[in-house]
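Summary of structural features
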Amino acid sequence: MKKIYTMPIERALTEEEVKARGKELDAQLSKIDNAEAAKKAYNEKIKNEITAIKLVIESIRTQIQTGKQAFPVEVYNDYNYRTGYVYARRVDNDSVVSSRELSMSERQIDLFDSKLPEPSAAQINSLRTMANGETEEN
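Everything numeric in this text was worked out from a predicted model, so none of it was measured.

1. Looking at helix α3 (residues 121-131)
Within α3, the full set of buried residues consists of A121, I124, S126 and T129. On the buried face of α3, the contacting elements are β1 (75-80). In the segment just after α3, G133 is the residue with positive phi, at about 80°.

2. Regarding the pattern of salt bridges
Across all of its chains, the model carries seven salt bridges by this definition. One salt bridge connects R21 with E24, and the closest N-O pair in it is separated by 3.3 Å. Here the residue R21 and the residue E24 both occupy positions in helix α1 (residues 15-66), the gap between them amounting to three residues, near one helical turn. Residue E24 is classed as partly exposed on the basis of its relative accessible area of 43%.

3. Details of the packing of aromatic side chains
Enumeration according to the criterion identifies two aromatic pairs in this entry. Consider the rings of Y79 and Y81, whose centres lie 6.4 Å apart with planes at 15°: the pair is stacked. With relative accessibility at 26%, the residue Y79 sits in the partly exposed group.

4. Focus on the side chain of R90
Mapped onto the fold, R90 is located in strand β2 (residues 85-90). Residue classification places R90 among the buried positions, given a relative accessible area of 18%. Within the structure, the side chain of R90 is placed 2.7 Å from the side chain of D92, a separation counted as a polar contact. Not counting residues up to four positions away in its chain, the partners in contact with R90 are V73, E74, V75, Y76, S95 and V97.

Conventions and cut-offs
Position numbers for residues count from 1 along each chain, tracking the sequence in the order it is written. In keeping with the model being predicted, local features are shown solely for residues with a pLDDT of at least 70 and side-chain atom pairs are shown and tallied solely at 80 or more, while totals for entire chains, interfaces and linings include all residues. Side-chain descriptors were evaluated using all non-hydrogen atoms of the structure, hydrogens and water having been removed beforehand. Three labels apply to residues, based on accessible area from a 1.4 Å probe with only protein chains included: buried if under 20% of the type maximum, exposed if over 50%, partly exposed otherwise in between. Where helices and strands are cited, they refer to DSSP runs of H or I of at least four residues and of E of at least two residues respectively, numbered from the N terminus. By definition, residues are in contact when any of their heavy atoms lie within 4.5 Å. Salt bridges are identified by distance alone: a Lys or Arg side-chain nitrogen within 4 Å of an Asp or Glu carboxyl oxygen. The criterion for an aromatic pair is that two Phe, Tyr or Trp rings (for Trp, the six-membered ring) have centres within 6.5 Å, with stacked assigned to planes under 30 degrees apart, edge-to-face to planes over 60 apart and tilted to the rest. Polar contact is defined as a pair of N or O atoms within 3.5 Å, subject to the rule that within protein one atom must be able to donate a hydrogen and the other to accept it, and that residues adjacent in sequence are counted only when both atoms are side-chain atoms.

Put into structure tokens, the structure is as follows:
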């Protein structure tokens, strides 16, 4: 009994077959380009997710090490030209949460108009209420 098998043999392509192979090649190259673009976008997405996770991890580590947790509060700057400091004050209770020295440019503001009134906590609350479209009830 004879063993039958297949073997590739070469033959000349017709002009139409060459054109068809060219189109097929172009389609396959486009698939590679699309796959590489998708891979790049996916890698960027994963990289951003990993960065976000690392930030959360760092925040948790800091909380564990310090025993404290930071949380956002609304504040306003209280410029005190007599003492030369800027105080960040909480809007809700007017307490000082941080302070720093006035910068050179902030000091110069006082040279031109030292009568700038600082908003009170009530004024800031009123402005915030109006900005949110709520009506003030007195």
